[in-house]
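Residue strings, one per chain:
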Amino acid sequence: MPAKAMPATEGAAAADSSSATMTVPAPRPSVIPGGTLYRGNEGMWSWVLHRITGVAIYFFLLVHILDTALVRVSPEAYNAVIGAYKTPLMGIAELGLVAAVVFHAFNGLRIILVDFWGVGTRHQKAMFYIVIALSVVVMAAFTPRHLISVFGG
Amino acid sequence: MTTTDVSQLDAPRSPHARTRRGINLEKWGWIYMRVSGVILVVLIFGHLFVNLVLGDGVSQIDFAFVAGKLSDPFWQWYDFFLLWFALIHGSNGMRTIINDYVSAPRVRTILLGALASSAAVLLILGTLVIFTFDPCPAGADPALVASFCGDLS
Ligand code: HEM
């Protein structure tokens, strides 16, 4: 049986074109892209997002330590710089920053569960969607509260 | 047919058998990321809740607001642990990323040196700010300081 050596997609095409004589069901197409379980799937995207959010938060933290240090300079200096955080543009950017922190935090807990929880690896995909869902819920609660403070309250 | 005793195989990707003795810093870094991660979830969510959700949100933050928090030992130590756990976690994560992407030894050494020294400077600066902060600086504009300062002239 030569079909065994054929790539899955070719096997499926062959089974279609000769359906009059062949009744063998087409082999299931491979669900593994590029020969890896990892690339292109939830596992990769959670890693990409974790890395990007980690770097973004890190650079914000550098700036944030410096702007807070201005309380040691004078009330005027601190208030002038912190005023920038209350402008509409920065207010929107803060939503992105909080979203990055929230995702990184929940996905960090997911990584810890994958590492230490006996069945964590088996549930990593489900846990990724739970991370996304929890992040959306937290941001749905935080966004109106923050926008009220920035634009009106 | 040859058989292979799997227990004789090296672990994936290990370039050589591990024969070093003593403490494994890379392992402790790995553990630190997970332990500090769990602590940071509590500290960061608490930080964001008190500063951006309670009260008037971001628009309440000014010198007098910070003075009210940093004159309380509870918030001094809270911010102290937040600073040290977050900056060391973030810097160690950035170290991983530099090691992943920068293969030229000289550039890598320079970047890791810049990373370590900026972390050291900001840890010292931030700690000094937290513990040497004066909520009622002499001669400050009474309109900008906390109400508990009274007359400063
Ligand atoms: C909110 C709580 C947080 C949790 C639960 C958390 C958790 C984690 C975990 C588990 C890792 C993976 C380490 C590894 O794979 O060995 C990690 C990586 C990282 N974290 Fe966090 N973290 C948090 C906050 C932060 C903060 C505040 C920063 C920035 C200052 C940060 C920056 C990073 C960076 C840059 C990495 C490296 C990413 C990579 O190697 O791809 N994290 N975090």
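Look a little higher up for the structure.
Everything numeric in this text was worked out from a predicted model, so none of it was measured.

Describing the interface of chain A and chain B
Much of the literature gives interface size as the accessible area that the parts lose upon coming together. Facing 38 residues of chain A, the contacting portion of chain B comprises 44 residues. For the pair chain A and chain B, the summed buried surface comes to about 3300 Å²; carbon and sulfur atoms form 74% of the total. On inspection of chain A and its partner chain B, the count reaches 2 salt bridges. Among the salt bridges present, the one from A:Arg51 reaches B:Asp100, with a minimum N-O distance of 2.6 Å. At the boundary of chain A and chain B, one finds 12 residue pairs in polar contact (both at pLDDT 80 or more). Elements supplying a minimum of two residues to the side of chain A that touches chain B: α2 (42–69), α3 (75–82), α4 (88–116) and α5 (124–151) of chain A. For the side of chain A that touches chain B, the class distribution of residues is 25 nonpolar, 6 polar and 7 charged.

Points about the coordination of the iron atom of the ligand
For the iron atom of the ligand, every protein donor is listed as A:His104 (NE2) and B:His89 (NE2), and the spread of their distances is 2.0 to 2.1 Å. Geometry at the iron atom of the ligand is octahedral, judged from its 6 donor atoms and the angles of 86 to 179° they form at the metal. Remark: B:His89 occurs in helix α3 (residues 73–101) and A:His104 occurs in helix α4; the pair is interchain, linking two chains. Since its relative accessible area comes to 14%, B:His89 is described here as buried.

A short note on α5(A)
In this model α5(A) runs 39 Å from its N-terminal to its C-terminal C-alpha over 28 residues, within 8% of the 40 Å that 1.5 Å per residue would give. Where α5(A) is buried, its residues contact α2 and α4 of chain A together with α1 (25–53) of chain B.

Some remarks on the nonpolar core
Within the largest apolar cluster, 33 residues are counted, with the highest numbers of intra-cluster contacts made by A:Val71, A:Tyr78, A:Val98, B:Leu52 and B:Phe63. The set of elements that each furnish at least two residues to this core consists of α2, α3, α4 and α5 of chain A together with α1 and α2 (63–70) of chain B. In terms of residue count, α4(A) provides more of this core than any other element does, 7 residues in total. Setting aside its immediate chain neighbours within four residues, A:Val98 contacts A:Met139, A:Phe142, B:Leu48 and B:Leu52.

Remarks on the side chain of B:Thr127
Residue and element names in this part refer to chain B. Within the secondary structure, Thr 127 is located in helix α4 (residues 105–132). Under the relative-accessibility criterion, Thr 127 is labelled buried at 17%. Within the local environment of Thr 127, its side chain forms a polar contact with the side chain of Trp 84, the two groups lying 2.9 Å apart. Excluding anything up to four places from it in sequence, Thr 127 contacts Phe 80, Leu 83 and Trp 84.

Scoring rules and cut-offs
Residues numbered from 1 in each chain as written. Chains lettered and ligands numbered in written order. Predicted model: local features only at pLDDT ≥ 70, side-chain atom pairs only at ≥ 80, totals over all residues. Heavy atoms only, no water. Contact = heavy atoms within 4.5 Å. Buried area = accessible area lost by both parts, 1.4 Å probe. Salt bridge = Lys/Arg side-chain N within 4 Å of Asp/Glu carboxyl O. Polar contact = N/O pair within 3.5 Å; in protein donor to acceptor, adjacent residues only side chain to side chain. Helix = DSSP H or I, 4+ residues; strand = E, 2+ residues; numbered from the N terminus. Nonpolar A, V, L, I, M, F, W, Y, C, P; charged D, E, K, R; others polar. Donors = N, O, S within 2.8 Å, 3.2 Å for Na, K, Ca; no water. Tetrahedral: all angles 85-135°; square planar, octahedral: opposite > 155°, others 65-115°. Buried < 20%, exposed > 50% of the residue type's maximum accessible area, 1.4 Å probe, protein only. Expected span 1.5 Å × (residues − 1). Core = buried A, V, L, I, M, F, W, Y, C linked by side-chain atoms within 4.5 Å.

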